[in-house]
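Letter by letter, the chains look like this.
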Amino acid sequence: PLPLVSAPMAGGPTTVLLARAVASAGAFPFLAGGYKTREALAAEIDALRGHVSEFGVNLFVPSDVPVDASAFAAYAEELAEEAAVYGLELEATPVTDDDDWDAKLALLLETPVAVVSFTFGLPDPADVVRLQRVGTQVHATVTTPDEASRARQAGVDGLIVQGPSAGGHSATFDPTRPIEPWVTAELVRAVLDVVDLPVIAAGGVDGPDAVRALLRAGARAVAVGTLLLRTDEAGTSPTHRMALGDPRFTETVLTRAFTGRPARALRNGFVDRHDGSAPNAYPAVHHLTRALRQAAAKVGDADRLHLWAGTGWRQAAEGPAAAVIGHLAEGVSA
């Protein structure tokens, strides 16, 4: 197998078909458990298991950041004009949930997979042990050397070291902190200076040279996400796909505007209008803006859609996922 991994991209882009295609090309696939019910995740696991022997599943660790109700209400009021474009009214009372955490964890204990990774924090160390006892390797997604040390203390088997150039949500344990501008290879080295665990590196993967640099830095494997967003097998929305290839978009930025948690996206009008006032309130802001974002996607309104993208988005090509993996594999053998 190649030292390449498909990143779990929640919200639609990661599909069973994408996981199958990645596996057939020699890379290790992940399913994205975030935003899914236990039943939906179980169906995907069953569908993939019929074709791929080993794969991973990613779960979101529930947030414990308290929501400032007044700041949330003010943000809901600010977004009212955006929602009115689609005839929507936003609920000013925060809605939070644990993303069906207990049920999905129970599923993975009942029907084990090769790897379970966690994002947005750490599970209880007892849950790490329970997963390991059923034969599952446990990986924690970390964004700093300190988080890596805490993950080691929790007993995980390996780390996914995510640099800030990665697309979509930052996995930071503390979504209120400023995200430091690490180069992913430097972050990998800094993590390995304090923790002796296998590392999968993620963030800024725009071609074979990036793969080569991350492996030289000490990563055992490299995760790719953004470069798979436009592939045939991905479930990326047509509006998101088109934006990734649209020259009008010229940069990516980290923003809390869409979900209340820092995430890297193509800079669009929604980011410009609301990034400065978005509260730290995930998943409450995610729920607040969800209907608006869904409506924008349906009509092709890229100005109001969360266009998740890493810094290498310009290299995201159309075509089969296997071609992307094959191209990145050039960095393995060179």
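Residues numbered from 1 in each chain as written. Predicted model: local features only at pLDDT ≥ 70, side-chain atom pairs only at ≥ 80, totals over all residues. Heavy atoms only, no water.

> Looking at this model, I keep getting lost on the pattern of salt bridges. Mind explaining?
Side-chain pairs of opposite charge can arise whenever the charged atoms involved come near each other. Evaluation of the coordinates by the stated rule reveals 13 salt bridges. Among the salt bridges present, the one from Arg 230 reaches Glu 318, with a minimum N-O distance of 3.7 Å. Taken together, the residues span a long stretch of sequence, with Arg 230 in the loop between strand 9 (221-224) and helix 10 (238-244) and Glu 318 in the loop between helix 12 (284-299) and helix 13 (321-328) at a distance of 88 residues. Taking the relative accessible area as the measure of exposure, Glu 318 reaches 63% and is therefore exposed. (Salt bridge = Lys/Arg side-chain N within 4 Å of Asp/Glu carboxyl O. Helix = DSSP H or I, 4+ residues; strand = E, 2+ residues; numbered from the N terminus. Buried < 20%, exposed > 50% of the residue type's maximum accessible area, 1.4 Å probe, protein only.)

> Can you help me understand the nonpolar core in this one?
Generally speaking, a soluble globular protein has its nonpolar side chains buried in company with each other. Of all hydrophobic cores here, the largest spans 71 residues; its most connected members are Ile 45, Val 57, Phe 118 and Leu 159. Contacts of Phe 118, omitting those with residues within four sequence positions, involve Asn 58, Leu 59, Val 61, Trp 101, Leu 105, Pro 123, Leu 131, Val 138, His 139, Ala 140 and Thr 141. Formed by 18 residues, the second largest nonpolar core is a distinct cluster that contains Ala 265, Ala 278, Val 285 and Leu 292. (Core = buried A, V, L, I, M, F, W, Y, C linked by side-chain atoms within 4.5 Å. Contact = heavy atoms within 4.5 Å.)

> Help me understand the pairing of strand 11 (residues 263-266), please; the structure alone is not making it clear to me.
Consecutive residues of a regular strand have side chains that alternate between opposite faces of the sheet. Bridging between strand 7 (residues 168-169) and strand 11 involves two bridges; their strand directions are antiparallel. Bridged to Gly 168 within strand 11 is Arg 264. In the sheet, strand 10 (residues 252-255) pairs with strand 11 via four bridges, with the strands oriented antiparallel. If you follow Thr 252 over to strand 11, its bridge partner there is Leu 266. (Pairing = 2+ DSSP bridges.)

> Sorry if this is basic, but what is going on with the sheet that holds strand 7 here?
Two strands in a sheet stick together by hydrogen bonds in their backbones, pointing the same way (parallel) or opposite ways (antiparallel). Strand order across the open sheet formed by three strands is 7-11-10, with antiparallel pairing between neighbours. On the outer flanks of this sheet lie strand 7 and strand 10, each paired with one strand and no other.

> Explain helix 9 (residues 208-216) here, please?
The α-helix advances 3.6 residues per turn, and as a result positions three or four apart in sequence lie on the same side. All of the buried residues along helix 9 are Pro 208, Ala 210, Val 211 and Leu 214. When helix 9 is viewed along its axis, its buried side chains cluster within an angular range of 160 degrees and face the same direction. Facing away from the buried side of helix 9 by more than 90 degrees, the exposed set consists of Asp 209 and Arg 216. Buried-residue contacts for helix 9 involve strand 1 (4-6), helix 8 (184-194), strand 8 (199-202), strand 9, helix 13 and helix 14 (330-333). Backbone geometry just downstream of helix 9 places Gly 218 in the positive-phi region, at approximately 120 degrees. (Arc of directions from axis to C-beta.)

> Help me understand the sheet that holds strand 4 (residues 115-119), please; the structure alone is not making it clear to me.
The strand order 1-9-8-6-5-4-3-2 describes an open sheet built from eight strands, whose pairing is parallel. Taken across any chain shown, the strands that pair with only one partner, and hence form the sheet edges, are strand 1 and strand 2 (30-32). The average angle at which neighbouring strand axes cross in this sheet is 25 degrees, direction not considered. One ladder, built from four bridges, connects strand 5 (residues 137-142) with strand 6 (residues 158-162); its direction is parallel. Note on strand 6: the bridge partner recorded for Thr 141 is Ile 160. (Axes fitted to C-alpha atoms, helices over the stretch in contact; angles between N-to-C directions.)

> So what exactly am I meant to see when it comes to the side chain of Arg 177 here?
Relative to the helices and strands, Arg 177 is located in the loop between strand 7 and helix 8. There is no salt bridge for the buried Arg 177, and the closest opposite charge comes from Glu 147, which lies 4.4 Å off by N-O distance. There is a polar contact of 2.9 Å between the side chain of Arg 177 and the side chain of Thr 143. (Lys, Arg positive; Asp, Glu negative; His and termini not counted. Polar contact = N/O pair within 3.5 Å; in protein donor to acceptor, adjacent residues only side chain to side chain.)

> What is the right way to read the environment of Ala 80 from this model?
Tracing the backbone through its elements, the reader meets Ala 80 in helix 4 (residues 80-84). Here the alpha-carbon distance between Ala 80 and Ala 265, two residues 185 residues apart in the chain, equals 22 Å.

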